[in-house]
2 protein chains.
Amino acid sequence: MSQHIWPFTGTRIQTLFGIEYPIIQAGMVWVSGAKLAAAVSNAGGLGLIGAGSMKPDLLADHIRTAQSLTDKPFGVNIPLLRGDAEELVQVVLDHKVPVVFTSAGSPKRFTPTFHDHGVKVVHVVPSVTLAKKVEAAGCDAVVAEGFEAGGHNGVDMITTMALIPQVADAVQIPVLAAGGIADGRQIAAAIMLGADGVQIGTRFAATVESSAHDNYKQAVVNASDRDTVFHLKQIGPARMFRNTWTERIAAAEQRGASVEELRELLGTKRERLGIFEGDLDEGQVEAGQGSGLIRDIPHASELLHRLVDETHAAIRHGKVSS
Amino acid sequence: MSQHIWPFTGTRIQTLFGIEYPIIQAGMVWVSGAKLAAAVSNAGGLGLIGAGSMKPDLLADHIRTAQSLTDKPFGVNIPLLRGDAEELVQVVLDHKVPVVFTSAGSPKRFTPTFHDHGVKVVHVVPSVTLAKKVEAAGCDAVVAEGFEAGGHNGVDMITTMALIPQVADAVQIPVLAAGGIADGRQIAAAIMLGADGVQIGTRFAATVESSAHDNYKQAVVNASDRDTVFHLKQIGPARMFRNTWTERIAAAEQRGASVEELRELLGTKRERLGIFEGDLDEGQVEAGQGSGLIRDIPHASELLHRLVDETHAAIRHGKVSS
């Protein structure tokens, strides 16, 4: 057992995944490969390999590498809008990955298949309506992700503070809070809101084990509360750092540009360019509003234990009357 | 003393205002007159008269009425963009109102004058940068209001979950969290985030003592998490319920309408029409994303005590390990 003490008694997420802390490292394109996922799982959380930027063969490599780096459970995140989603699912099944997080598609599509193979399934949603569909689809848990989250996001723009208690009231399955969470004060807040645990993205993207470019990690460390923007609502809403490219997008959206013009401006491989190649001017540098709280680039294990200690401090900080 | 026990030991806001609970009822146009403010203050919170929809004479009437209804402290909210802001300030000084909340303008403008008269001053901001300016201006506290808040809002679209800890780290003065807060779970969350207290709007707008139209109150009760929209970013960003009029605004913004066209579509007295006259189709029906949590129209005193009890329950809910 770790000396880093989780201060809450609810254990539905710990029991569901067989982990020590109900803290999930989000699957992030170009960021979360085997190294990061295994480091988080070894430290007592649940690491997710982000299949969104991987072909099936590369995903298989990362899964095998992660299995060589940890005996603890880890998972894979699969965006269901991928044309080869079925192949990615097969890779997960072939390698007996115990947990899958799905997003951007119907939770009904693969959940029965996963359950037939004993795989736990969690689906990510931005609203109460979709959370109920996730429960109806038989998923084991739901991630309710707020508007402040980095990367791809919902069109309803519902924030974490408003969304979590409404989802907690609407479903019986465990709820993971996501969106803007970068420190333990926010983890404690998420639990107060009715969540059973949290999914954290950007904070884990700025760690040693993250495969994001150093320019990306430094940009997160340097960011203020006002540096992320939300664009592309018409063709795929996403939150990212404001830069030369997003200013062109903003101007186009401002003048009522067509979907075709926006697709043209988006082009291809923007996420790879911004996150993996480190082009902070022309890339899609995805990050959440919690970036303003991030001031260092620690090892993932050190970060996870710090998050647990901060959560403990938030609840014990002399603020709760005895 | 009330039997409704506040579960936290931090008391900066209670001490600052001389109140029992660090729960502020936001000043809201067409909603918070003498009746609501006095009811909240009598119950142990701090009620605010919303001067935004009042001429100086009417504000004076409401202040005198509130003074006749309660011996407890109450305040006035003054939007500094009002052309007659100076007259409104004079009315507050003449009637020895102990607390003023200012917004939509520079916190430097009247703070010295208020302090010369022993009036406590709090300013509302949507970002860390502006929170620092509020502290530098000598204000006694700051309200950090997130993107999910109803009514007028900032252009930076920073959410409560992301904003509060960043503001708490940036200033030494007490911080009030606002935006999307409608129940005690969210109040407990706000304290975890580092706030000293909360300012709550829409939840208090749906009370018996609110002067909003019954149609407005019922619309809040009927609302889901997806029913508010954020528009008019170019001429005055605001969150309100989606309706026939906001769909016209959305279409205009979508096609890149000019500021002039938007002003034309906005017209005048939209807030009065929606909130006070109850025209849910053509009015600006301002409400926050917390509306989805609101299911009844209680008396303000019952609501305040329920919020305190819910906050206590959230922190004690068997969730905190001992």
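Above this text is the structure in question.
Trainee: Which residues make up the overall build of chain A, and what are the values?
Mentor: Helix and strand counts for chain A come out as 14 helices and 11 strands. Relative to the globule expectation of 20 Å for 322 residues, the C-alpha radius of gyration of chain A, 18 Å, shows essentially globular dimensions. Reported as C-alpha extents along the three principal axes, the dimensions of chain A are approximately 55 × 45 × 40 Å. Out of the 322 residues belonging to chain A, those deemed buried represent 62%. In the structure as shown, chain A presents an accessible area of about 11,700 Å², 51% of it carried by carbon and sulfur atoms. Treating the 29 positive side-chain charges of chain A as one cloud and the 36 negative ones as another, the clouds have centres 2 Å apart.

Trainee: So what about the relation of the copies chain B and chain A? Which residues, and what values?
Mentor: Look at the two chain copies: a rotation about an axis and a shift along it is all it takes to match them. The transformation that overlays chain B on chain A combines an axial shift of 0.0 Å with a rotation of 180 degrees, and the residual RMSD is 0.0 Å. Such values leave the two copies arranged in the relation of a two-fold axis. Interface residue correspondence from chain B to chain A reaches 100%, placing this contact among same-surface, isologous pairings.

Trainee: Give me the lowdown on the side chain of Asp156 of chain A, citing residues and values where you can.
Mentor: For Asp156 of chain A, the location among the structural elements is in the loop between strand E7 (151-152) and helix H7 (160-170). A residue is classified by how much of its surface remains accessible, and Asp156 of chain A, at 19% relative accessible area, is buried. A polar side-chain atom of Asp156 of chain A sits 3.0 Å from a polar atom in the side chain of Arg226 of chain B. Apart from residues lying up to four places away in sequence, Asp156 of chain A is in contact with Ser127 of chain A together with Arg226 and Gln289 of chain B.

Trainee: If you had to explain the environment of Leu273 of chain A to someone new, which residues and values would you point to?
Mentor: Residue and element names in this part refer to chain A. Assignment of secondary structure puts Leu273 in helix H13 (residues 270-276). On the accessibility criterion, Leu273 (22% relative accessible area) is partly exposed. A sequence separation of 10 residues divides Leu273 from Arg263, and the C-alpha atoms of the two residues are 16 Å apart. With residues up to four places along the chain from it excluded, the contact list for Leu273 reads Gly278, Asp279, Glu282 and Gly283.

Trainee: Can you break down the packing of helix H8 (residues 184-192) of chain A against helix H8 (residues 184-192) of chain B residue by residue, with the values?
Mentor: A pair of packed helices can be characterised by two numbers: the angle between their axes and the separation between those axes. Here H8 of chain A crosses H8 of chain B at 170 degrees, and the two axes come no closer than 8 Å. By the angle class used here, H8 of chain A and H8 of chain B are roughly antiparallel. Across the interface between the two elements, Arg185, Ala188, Ala189 and Met192 of chain A of H8 of chain A pack against Arg185, Ala188, Ala189 and Met192 of chain B of H8 of chain B. Its residues assigned to classes, the contact of H8 of chain A with H8 of chain B comprises six nonpolar, no polar and two charged.

Trainee: Now, about the sheet that holds strand E10 (residues 228-231) of chain A: what can you tell me, with residues and values included?
Mentor: Whenever strands of a sheet pair, they do so through backbone hydrogen bonds, lying parallel or antiparallel. All names here are of chain A. Strand order in this open sheet of three strands is E7-E11-E10, and the pairing throughout is antiparallel. Two strands in the sheet have a free side with no partner beyond their single neighbour: E7 and E10. Where E10 lies against strand E11 (residues 238-241), four bridges are found, and the strand directions are antiparallel. Counterpart to Phe230 in the pairing with E11 is Arg239. Those strands touched by helix H11 (residues 244-254) are E10 and E11, and its axis lies near 40 degrees from that of E10.

Trainee: Explain the pattern of salt bridges residue by residue, including any values.
Mentor: One pass over the structure, following the stated rule, counts 28 salt bridges over all chains. Two residues, Arg226 of chain B and Asp156 of chain A, come together in a salt bridge whose shortest N-O distance is 3.0 Å. Here the residue Arg226 of chain B occupies a position in the loop between helix H10 (214-222) and strand E10 (228-231), and Asp156 of chain A occupies one in the loop between E7 and H7, the pair thus bridging two chains. For Arg226 of chain B, a relative accessible area of 33% gives the class partly exposed. Notably, a salt bridge pairs Asp169 of chain B with Arg185 of chain A, separated by 2.8 Å at the nearest N-O pair. One end of the pair, Asp169 of chain B, is in helix H7 (residues 160-170); the other, Arg185 of chain A, is in helix H8, on a second chain. When its relative accessible area of 49% is taken as the criterion, Asp169 of chain B is described as partly exposed. Owing to a relative accessible area of 18%, Arg185 of chain A belongs among the buried residues under this scheme. Connected through salt bridges with shared partners, the residues Arg203, Asp296, Glu302 and Arg306 of chain A form a single ionic network.

Trainee: Can you explain the interface of chain B and chain A? Please cite residues and give values.
Mentor: By a widely used convention, the size of an interface equals the accessible area lost when the partners come together. Contacts between chain B and chain A engage 52 residues on the former and 52 residues on the latter. The junction of chain B with chain A conceals about 4,300 Å² of combined surface from both sides, 54% of it contributed by carbon and sulfur atoms. Summed over the shared surface of chain B and chain A, the result is four salt bridges. The interface formed by chain B and chain A contains 20 residue pairs in polar contact (both at pLDDT 80 or more). Secondary structure elements with two or more residues in the side of chain B that touches chain A: helix H6 (128-136), H7, H8 and helix H14 (300-316) of chain B.

Scoring rules and cut-offs
Residues numbered from 1 in each chain as written. Chains lettered and ligands numbered in written order. Predicted model: local features only at pLDDT ≥ 70, side-chain atom pairs only at ≥ 80, totals over all residues. Heavy atoms only, no water. Helix = DSSP H or I, 4+ residues; strand = E, 2+ residues; numbered from the N terminus. Rg over C-alpha atoms; globule rule 2.2 N^0.38 Å. Buried < 20%, exposed > 50% of the residue type's maximum accessible area, 1.4 Å probe, protein only. Areas by Shrake-Rupley, 256 points an atom, 1.4 Å probe, with all protein chains shown as cover. Lys, Arg positive; Asp, Glu negative; His and termini not counted. Charge placed at Lys NZ, Arg CZ, Asp CG, Glu CD. Least-squares fit on C-alpha atoms with pLDDT ≥ 70 in both. Contact = heavy atoms within 4.5 Å. Polar contact = N/O pair within 3.5 Å; in protein donor to acceptor, adjacent residues only side chain to side chain. Axes fitted to C-alpha atoms, helices over the stretch in contact; angles between N-to-C directions. Parallel < 35°, antiparallel > 145°, perpendicular 65-115°, else oblique. Nonpolar A, V, L, I, M, F, W, Y, C, P; charged D, E, K, R; others polar. Pairing = 2+ DSSP bridges. Salt bridge = Lys/Arg side-chain N within 4 Å of Asp/Glu carboxyl O. Buried area = accessible area lost by both parts, 1.4 Å probe.

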